[in-house]
Amino acid sequence: MKALLHPAAKPALFVACALPLAALLHGAATDTLGANPAEALIRSLGDWTLRLLCATLAVTPLRQWTGWAALARFRRVLGLYAFGYGVLHLLAYAWFDMGFDVGEIARDLGKRPFILVGFAALALMLPLAATSFNRAIRALGAARWQALHRSVHAVALLGLLHFWWMRSGKNDHVEVMVYAAVIAVLLGWRVLHRLRTRQRLQRA
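Below is a short write-up of the structure. (Residues numbered from 1 in each chain as written. Predicted model: local features only at pLDDT ≥ 70, side-chain atom pairs only at ≥ 80, totals over all residues. Heavy atoms only, no water.)

1. Quick word on the pattern of salt bridges
Going through the model one piece at a time under the given rule, you end up with five salt bridges. For R107, the salt bridge is made with E104, and the minimal N-O distance between the two is 2.8 Å. Placement of both R107 and E104 in helix α4 (residues 102-111) is noted, with a separation of three residues, approximately one turn of the helix. A relative accessible area of 32% means that E104 is categorised as partly exposed. The closest approach of N and O atoms between E175 and R167, which form a salt bridge, is 3.1 Å. The network of salt bridges with shared partners includes R51, R167 and E175. (Salt bridge = Lys/Arg side-chain N within 4 Å of Asp/Glu carboxyl O. Helix = DSSP H or I, 4+ residues; strand = E, 2+ residues; numbered from the N terminus. Buried < 20%, exposed > 50% of the residue type's maximum accessible area, 1.4 Å probe, protein only.)

Below is the structure:
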């Protein structure tokens, strides 16, 4: 599609990804986030991290299903925004729940393992964000860069586990199952695609 190559396409995506954060900040400023605004901020930032991770994972399947190669140019923006929302999710938890008390945070990790899983997911995202630029691709080499960035699959699974564990305390799994289905389709497609590619190469 020509629209995907339009100079305004990337800036439009950049703005679209920032809109949820703008809405949350507006809600905080106008006190319209509900009875517990701190919890609403923490949860919403986590939700958007997982949504943007799913969107990042969806780029390659959509590109190959539709033949729209230009979709690949949006993957970096989506991935960096997913990392950004993840960092804000962590900062909101550390600030509103823990008051930036490192000792309290460390004790909370031991008491609530789902937080440790969330930390692990964000830690895996850090090298992906740090190497998402063209200079890093040239420095690492395409093969090593691709191998490193496949860890986004583990990030998505850890993010899903973090979300499921958090919701288990309230016995609320409906939304978790939706994310699980989306991630299963996106990762399952990758496995099938690799198997088919390997079979084609063996027959060639």
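2. Regarding the nonpolar core
Across soluble globular proteins, nonpolar side chains have a tendency to be buried as a group. Formed by 48 residues in total, the largest nonpolar core has its most connected members in L52, L53, M125 and I183. Sorting the residues of this core by element identifies α1 (9-30), α2 (37-66), α3 (75-97), α5 (113-130), α8 (152-168) and α9 (174-203) as the ones contributing at least two each. Looking at which element gives the most residues to this core, the answer is α2, with eleven residues. Once you skip the residues sitting within four places of it in the chain, L53 turns out to touch A82, M125, V152, V155 and A156. (Core = buried A, V, L, I, M, F, W, Y, C linked by side-chain atoms within 4.5 Å. Contact = heavy atoms within 4.5 Å.)

3. Concerning the packing of aromatic side chains
One pass over the structure, following the stated rule, counts six aromatic pairs. With a centroid separation of 6.2 Å and an interplanar angle of 35°, the aromatic rings of Y81 and Y85 are classed as tilted. Taken together, the positions of Y81 and Y85, both in helix α3 and four residues apart, correspond to about one turn of that helix. No difference in accessibility class separates Y81 from Y85, as the two residues are buried. Ring pairs connect the aromatic residues F14, Y81 and Y85, which therefore count as one cluster. Cation over ring: R51 sits above W48, and NZ or CZ is 4.7 Å from the ring centre. (Phe/Tyr/Trp six-rings, centres within 6.5 Å; stacked < 30°, edge-to-face > 60°. Lys NZ or Arg CZ within 6 Å of the ring centre and 35° of its normal.)

4. Remarks on the environment of T197
Relative to the assigned elements, T197 resides in helix α9. Each C-alpha atom of the pair T197 and R63 lies 16 Å from the other, and the pair is 134 residues apart in sequence.

5. Thoughts on the side chain of D47
Residue position: D47 is located in helix α2. One buried charged residue, D47, remains without a salt bridge, the closest side chain of opposite sign being R51 at 4.1 Å. When near neighbours in sequence (up to four residues on either side) are disregarded, D47 contacts F163, E175 and Y179. (Lys, Arg positive; Asp, Glu negative; His and termini not counted.)

6. A word on unusual backbone geometry
In this structure, D31 takes a positive phi of about 55° despite not being glycine. Relative to the assigned elements, D31 resides in the loop between α1 and α2. On the accessibility criterion, D31 (58% relative accessible area) is exposed.

Function-wise, these values are silent; they only describe arrangement.
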